[in-house]
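One letter stands for each residue in the lines below.
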Amino acid sequence: MKSKNLYQRLKDKYRINLIENKSKWPYLAEKVEEALEKNNFVIDLTVNDLGYICDMCELSSWDRIYELFNEVK
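The model shown is predicted, which means the values in this text are computed figures rather than measured ones.

Caption draft 1: Structural view of helix α3 (residues 26-38). For α3, which comprises 13 residues, the first-to-last C-alpha distance of 18 Å matches the rise-based estimate of 18 Å (1.5 Å per residue) to within 8%. Taken together, the buried positions of α3 are occupied by Leu 28, Ala 29, Val 32, Glu 33, Ala 35 and Leu 36. Down the axis of α3, the sector holding all buried residues measures 165°, keeping them to one side. When the buried face of α3 is taken as reference, the exposed residues oriented beyond 90 degrees from it are Pro 26, Tyr 27 and Lys 38.

Here is the structure:
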């Protein structure tokens, strides 16, 4: 069974933030969606990806990055 990518695991409240911020920063939104869709694990994200994701999902700190995602089942 194939595991879900990070975009599929993104919690609803953060997905809403991403969607709402898309109109303000379309380029960043595109980069974030691409990074979340191509990666299954947080450890695979680049430093740039982490920064963009935190900004677009309105997460205050990188050390809370795991809060964005539902657990792998």
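Caption draft 2: Region of the structure containing the environment of Leu 50. Within the fold, Leu 50 resides in helix α4 (residues 47-57). Residue classification places Leu 50 among the buried residues on the basis of a relative accessible area of 15%. In this structure the C-alpha to C-alpha distance between Leu 50 and Ile 19, which are 31 residues apart in sequence, comes to 17 Å. Those residues in contact with Leu 50, other than ones at most four positions away along the chain, are Val 42, Leu 45, Trp 62 and Ile 65.

Caption draft 3: Structural context of the environment of Ser 61. By the secondary structure assignment, Ser 61 is in the segment after α4. Using a relative accessible area of 25% as the deciding quantity, one classes Ser 61 as partly exposed. The spatial distance from the C-alpha of Ser 61 to the C-alpha of Leu 50 is 9.8 Å, given a sequence separation of eleven residues. A distance of 2.4 Å separates the side chain of Ser 61 from the side chain of Asp 63, its partner in a polar contact.

About the criteria used
- Residues numbered from 1 in each chain as written.
- Predicted model: local features only at pLDDT ≥ 70, side-chain atom pairs only at ≥ 80, totals over all residues.
- Heavy atoms only, no water.
- Helix = DSSP H or I, 4+ residues; strand = E, 2+ residues; numbered from the N terminus.
- Expected span 1.5 Å × (residues − 1).
- Buried < 20%, exposed > 50% of the residue type's maximum accessible area, 1.4 Å probe, protein only.
- Arc of directions from axis to C-beta.
- Contact = heavy atoms within 4.5 Å.
- Polar contact = N/O pair within 3.5 Å; in protein donor to acceptor, adjacent residues only side chain to side chain.

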